[in-house]
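Each chain is listed here by its residues.
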Amino acid sequence: MRGLLSFYRGLCSPSNHQARRKAGIVGSRCGFCGTQSNSKPQPRFGLLFDIDGVLVRGRMPIPAAKKAFEKLVDSQGKFVVPVVFVTNAGNCLRQTKADQLSHILGVAVSYPSVERVCSVLNKYSKTKFWLSSITSINLFSHLLYSQITQDQVVMSHSPLRMFTKFHDKCVLVSGQGPVLEIAKNVGFNNVVSVDMLRESFPLMDMVDHNRRPKLPSNPVGNLPMVEAVILFGEPIRWETHLQLIIDILLTKGNLSNVHQSQQMPHLPLLACNMDLMWMAETHSPRFGHGTFLVCLENIYKKITGKDLKYEALMGKPSELTYHFAEYLIRSQAMERQWKLPVTSLYAIGDNLMTDIYGANLYNRYLDERVARKNPKAVAKMVSATGSATALPQVEESHNHWESELALPSATSCKSVLVCTGVYNPNEEVPPDSSHCIKETVFHGHRDFRFDPALVEPDCIVHDVADAVERIFDLEKFVPQ
């Protein structure tokens, strides 16, 4: 143990101080106590970053992203403003996405506190291994930790934590990646996957001739009756998932029954990620989960003659997702002991129909909250309309969010459009956002009304580095 402490003290020695400063892992701390100066400016705004098309394209970082994070991360590896990454991806856990971002973006790591050092050294001292060079490297990697954590990440499925009334029901989950683990991580206790359904009812999946049973087989039928359906994201075998989800909806969750196409309402359906398309490494957008939902909705309507109904739609542009992100921004500010409330949010994205629409929709919700609390605004609205019924009403879903997450401190959410993803005009970046070219075809989800005002960004910039610079200028914020 004494040798390990010497190893740590060596890392902290003055001879290593300059090298560690260059590596971005040391700031102005007071020796071992880790105390920091409180003279740094406290931000009153937070940043919501989309990921695909803003920070990365597939697994490749966009060059401007690293430049942006040089401004956002101080010499100690800490963010100078509250930052949340809001993605419509839903194929992994929040911590996994945080680790991926840390690796891809090369975010500086923080030097550990003495408490963390003692904890890790104690762990290593109980092992039978000597402090070889390999063990030293492993120890050092334990001591250093990334500043992007799961509490800074909002996945499309993150708001499902608030739907507690479904957590003890048997739910069917669709998507790819560790869907069972994801479902349990957000609170569901009784989960069935599409693959589990297929194994129990092998004759249900008949599109691929090579996957059909070679010999006659009876349904295993040992699964509980499904009570709700959760759609995390686009699956790998669309034909299998479309078929079995339709089967579940038309049999009230029991595949041993025959279709009842006229029976309404169908099981509760919750969908995450409505992106019709998204931007990967290739030059053109790729199909997203929104495309899968279009297929599911149209098949259901073709069979039943009725519209598919959703219990909830999550992910951008849903206000629910932005409300959850605002809660995480507030939590970061409290953790950093920043006394001033975060009143402004800036949402940076590349997609008019998700990022910009969603930020503007949430801004409209915040405006309505402010209007209802302002007696002068209420009186003015009543005077103009002659009736109090024109006042914005608080929907039941808003009451649910606010009871779960508390009231937002933010009073505005500004939208910033970058040109490195889905929106990528060949012409020069318009200097004035009023010249933004709106899409003539609405690529948003069926249940979201097209409103030209909601796809008009507050500003348009070339890339995420320009976005951060513009926001800092607007807020007159100079990090130290």
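These figures come from a predicted structure and were not determined experimentally.

About the cut-offs
Residues numbered from 1 in each chain as written. Predicted model: local features only at pLDDT ≥ 70, side-chain atom pairs only at ≥ 80, totals over all residues. Heavy atoms only, no water. Helix = DSSP H or I, 4+ residues; strand = E, 2+ residues; numbered from the N terminus. Buried < 20%, exposed > 50% of the residue type's maximum accessible area, 1.4 Å probe, protein only. Areas by Shrake-Rupley, 256 points an atom, 1.4 Å probe, with all protein chains shown as cover. Pairing = 2+ DSSP bridges. Salt bridge = Lys/Arg side-chain N within 4 Å of Asp/Glu carboxyl O. Axes fitted to C-alpha atoms, helices over the stretch in contact; angles between N-to-C directions. Core = buried A, V, L, I, M, F, W, Y, C linked by side-chain atoms within 4.5 Å. Contact = heavy atoms within 4.5 Å. Phe/Tyr/Trp six-rings, centres within 6.5 Å; stacked < 30°, edge-to-face > 60°. Right-handed = clockwise from strand over helix to strand, strands pointing away.

1. Looking at the overall build of the protein chain
So, step 1. Each helix and strand in the protein chain was counted, giving 15 helices and 19 strands.
So, step 2. Counting every position in the protein chain, which comprises 480 residues, the buried fraction comes to 49%.
So, step 3. Only carbon and sulfur atoms are counted for the fraction: they give 54% of the accessible area of the protein chain, which is about 23400 Å².

2. A few points about the sheet that holds strand E19 (residues 459-461)
So, step 1. The sheet built from 6 strands is open, its strands ordered E9-E6-E3-E17-E18-E19 with parallel pairing. The open sheet has two edge strands with one neighbour each: strand E9 (153-154) and E19.
So, step 2. Note that strand E6 (residues 83-86) and E9 share 2 bridges and pair parallel. Following the sheet pairing, phenylalanine 85 is matched in E9 by valine 153.

3. Focus: the pattern of salt bridges
So, step 1. For the structure shown, the criterion picks out 13 salt bridges.
So, step 2. Residue glutamate 326 pairs with arginine 330 through a salt bridge whose shortest N-O separation is 2.9 Å. Pair noted here: glutamate 326 and arginine 330 are both in helix H11 (residues 319-335), with a separation of 4 residues, about one helical turn. The burial state of glutamate 326 is the same as that of arginine 330; both residues are buried.
So, step 3. Note that arginine 364 is salt-bridged to aspartate 451, the shortest N-O span being 3.1 Å. Of this pair, arginine 364 sits in helix H12 (residues 352-373) while aspartate 451 sits in the loop between strand E18 (412-418) and E19, placing them 87 residues apart in sequence.
So, step 4. On the basis of relative accessibility, which here comes to 14%, the residue aspartate 451 falls in the buried class.
So, step 5. Overlapping salt bridges bring together Asp50, Lys316 and Asp355 as one network.

4. A few points about the sheet that holds strand E13 (residues 269-272)
Sheets are built from strands paired through backbone hydrogen bonds, the pairs being either parallel or antiparallel.
So, step 1. Strands sit in the order E11-E10-E12-E13-E16 across an open sheet of 5 strands; the sheet is parallel. Strands with a single pairing partner mark the edges of an open sheet, and in this sheet they are strand E11 (190-193) and strand E16 (312-314). Strand-to-strand twist of the sheet, defined as the mean angle between neighbouring strand axes without regard to direction, takes the value 20 degrees.
So, step 2. Judged from the 3 bridges that link them, strand E12 (residues 228-231) and E13 form a sheet pairing that is parallel. Bridged to isoleucine 230 within E13 is leucine 270.

5. A few points about the nonpolar core
So, step 1. In terms of nonpolar packing, the biggest core is built from 42 residues, with Leu48, Leu160, Phe188 and Phe232 touching the most fellow members.
So, step 2. At 7 residues, the largest contribution of residues to this core is made by H11.
So, step 3. If sequence neighbours within four positions are ignored, phenylalanine 188 has contacts with Leu160, Phe166, His167, Val171, Ala183 and Ile230.
So, step 4. With 41 residues, the next largest nonpolar core counts Ala64, Leu72, Ala98 and Val418 among its residues.

6. Let's talk about the environment of lysine 169
So, step 1. Among the secondary structure elements, lysine 169 is positioned in the loop between E9 and strand E10 (170-174).
So, step 2. Not counting chain neighbours up to four residues away, the residues in contact with lysine 169 comprise Asn190 and Glu227.

7. Some points on unusual backbone geometry
So, step 1. Residue proline 317 is reached from lysine 316 by a cis peptide bond, and omega for that bond is 10 degrees.
So, step 2. For proline 317, the location among the structural elements is in the loop between E16 and H11.
So, step 3. At lysine 252, a position not held by glycine, the phi torsion is positive, near 60 degrees.
So, step 4. Position of lysine 252 among the secondary structure elements: in the loop between helix H9 (238-250) and E13.

8. Quick look at the packing of aromatic side chains
Aromatic rings considered in pairs are described by the distance between their centres and by the relative angle of their planes.
So, step 1. Evaluated as defined, the whole model comprises 13 aromatic pairs.
So, step 2. Taking 6.2 Å as the distance between ring centres and 25 degrees as the angle between the ring planes, the aromatic pair formed by tyrosine 322 and tyrosine 362 counts as stacked. With tyrosine 322 in helix H11 and tyrosine 362 in helix H12, this residue pair connects regions lying 40 residues apart in the sequence.
So, step 3. Residue classification places tyrosine 322 among the buried residues on the basis of a relative accessible area of 2%.
So, step 4. Given a relative accessible area of 0%, tyrosine 362 falls into the buried group.
So, step 5. Taken together, the ring pairs connect Phe45, Tyr346, Phe472 and Phe477 into an aromatic cluster.

9. Considering the pairing of E10
So, step 1. For E10, the tally of buried residues reaches 5 of 5 residues, placing the bulk of the element in the interior.
So, step 2. Residues Cys170, Leu172 and Ser174 of E10 are buried on one face, and the alternating residues Val171 and Val173, pointing to the opposite face, are buried as well.
So, step 3. Two strands pair when backbone bridges link them, and E10 and E11 are joined in this way by 4 bridges, in the parallel orientation. Across the sheet, residue valine 173 finds its bridge partner in E11, namely serine 193.
So, step 4. Viewed along the sheet, the connection from E10 through helix H7 (residues 179-185) into E11 turns out right-handed.
So, step 5. In terms of strand pairing, E10 meets E12 through 4 bridges, oriented parallel. When the sheet's bridge partners are listed, serine 174 is paired in E12 with leucine 231.

10. Side note on the pairing of E18
So, step 1. Across the 7 residues that make up E18, a large majority, 6, are buried.
So, step 2. Summarising the sheet, E18 and E19 pair through 3 bridges and their orientation is parallel. Each bridged residue has a counterpart across the sheet, and for valine 418 the counterpart in E19 is valine 461.

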